[in-house]
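Here is how the chains run, residue by residue.
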Amino acid sequence: MKAEERVINGIAQMINLAFSACETLKRAVEDKNKALLEEVFRLERDGDEIRRNITQEIYRGAFLPYLRPNIFRLIEVVDEILDMAEEAATNFQKIENLKLLEIDEIYSILEMNVKICSVLSKNFMNFLKDPERLREGVIVVRMMEKEADNLKFAILEKLKDFEVNFWDGYFVVNFVNSLETLSDVAEEAMDMLQMILLSL
């Protein structure tokens, strides 16, 4: 297998890990099962290991020099998706009053992140072969990211009606911000992928 193929396969693996992390986080929140968070943390660590391996492949000469900066950035952005899933999981772990999360929009934004990562995960290889399909995917993800923004503000508005201690409020807000940032980062991954294809 050529070095370029190993890098592409590694990025695909990281994207699949991000999708799994979002799914697991969603299930943990829905089931109020903090034990599931260990799986999110493991997936993030696995992603770090893959990132190190494929970064070394690029340093050893994979891809033409003019492509490397954007490919490095794509790898970093996919890693940030996993980091945001881990951050959201860490904040969720610290929330004591889980009734604060019984807001419909929280479940919606969790579902939105799963869908966004699903678009990336299920179509990554096809996107590389079909720029038109990628353009369509970018539009879909941008629409979903915009909806995630709206959901975040709806959640924060509803939280005003809750009586909450300082630390629970702090971790809930951080949790919601992490979820919204995750969708932002996933949108950036789509943009970076499009930039790479346009530069080929």
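Each remark here, short or long, concerns the structure printed above.
Residues numbered from 1 in each chain as written. Predicted model: local features only at pLDDT ≥ 70, side-chain atom pairs only at ≥ 80, totals over all residues. Heavy atoms only, no water.

Within the protein one finds six helices and zero strands. The order of α-helices and β-strands along the protein, N terminus first, is α-α-α-α-α-α. For the protein, the C-alpha radius of gyration of 18 Å lies close to 16 Å, the compact-globule estimate for 200 residues. Expressed as a percentage of its 200 residues, the buried residues of the protein come to 50%. In the protein, once contacts between residues fewer than 6 apart in sequence are set aside, the share between residues at least 24 apart is 85%. Accessible surface, the protein: about 9,900 Å² in total, of which carbon and sulfur atoms supply 51%. (Helix = DSSP H or I, 4+ residues; strand = E, 2+ residues; numbered from the N terminus. Rg over C-alpha atoms; globule rule 2.2 N^0.38 Å. Buried < 20%, exposed > 50% of the residue type's maximum accessible area, 1.4 Å probe, protein only. Contact = heavy atoms within 4.5 Å. Areas by Shrake-Rupley, 256 points an atom, 1.4 Å probe, with all protein chains shown as cover.)

Turning to a nonpolar patch on the surface, a few remarks are in order. On the surface, Leu 64, Tyr 66 and Leu 200 cluster together to form a nonpolar patch covering roughly 360 Å² of accessible area. For Leu 64, the position within the fold is in the loop between α2 (37–59) and α3 (68–94). (Patch = residues over 30% accessible without salt bridge, like charges linked within 9 Å, V, L, I, M, F, W, Y side chains within 5 Å. Salt bridge = Lys/Arg side-chain N within 4 Å of Asp/Glu carboxyl O.)

Another point: the environment of Val 141. One can find Val 141 in helix α5 (residues 131–159). On the accessibility criterion, Val 141 (0% relative accessible area) is buried. On a C-alpha basis, the gap between Val 141 and Leu 67 in space is 24 Å, while along the polypeptide they are 74 residues apart. With residues near it in sequence (within four places) discarded, Val 141 still touches Ile 116, Val 119, Glu 187 and Met 190.

A few words on the nonpolar core. Core analysis: the largest hydrophobic core is formed by 75 residues, its most contacted members being Ile 11, Leu 25, Ile 71, Ile 81, Leu 101 and Phe 175. When neighbours within four sequence positions are excluded, Phe 175 is seen to be in contact with Leu 25, Val 29, Ala 88, Asn 91, Phe 92, Ile 95, Leu 101, Ile 106 and Leu 110. (Core = buried A, V, L, I, M, F, W, Y, C linked by side-chain atoms within 4.5 Å.)

Take the pattern of salt bridges next. Within the structure shown, the criterion is met by 18 salt bridges. Across the pair Asp 79 and Arg 51 runs a salt bridge, and its minimum N-O distance is 3.2 Å. One end of the pair, Asp 79, is in helix α3; the other, Arg 51, is in helix α2, with 28 residues separating them in the sequence. Overall, Asp 79 belongs to the buried group, its relative accessible area being 8%. By relative accessible area, Arg 51 is classed as partly exposed at 24%. The salt bridge partner of Asp 191 is Arg 142, with a shortest N-O separation of 3.0 Å. Separated by 49 residues along the polypeptide, Asp 191 in helix α6 (residues 166–199) and Arg 142 in helix α5 bring together distant segments of the chain. Each of Arg 73, Glu 76, Glu 80 and Glu 188 takes part in a single network of salt bridges with overlapping partners.

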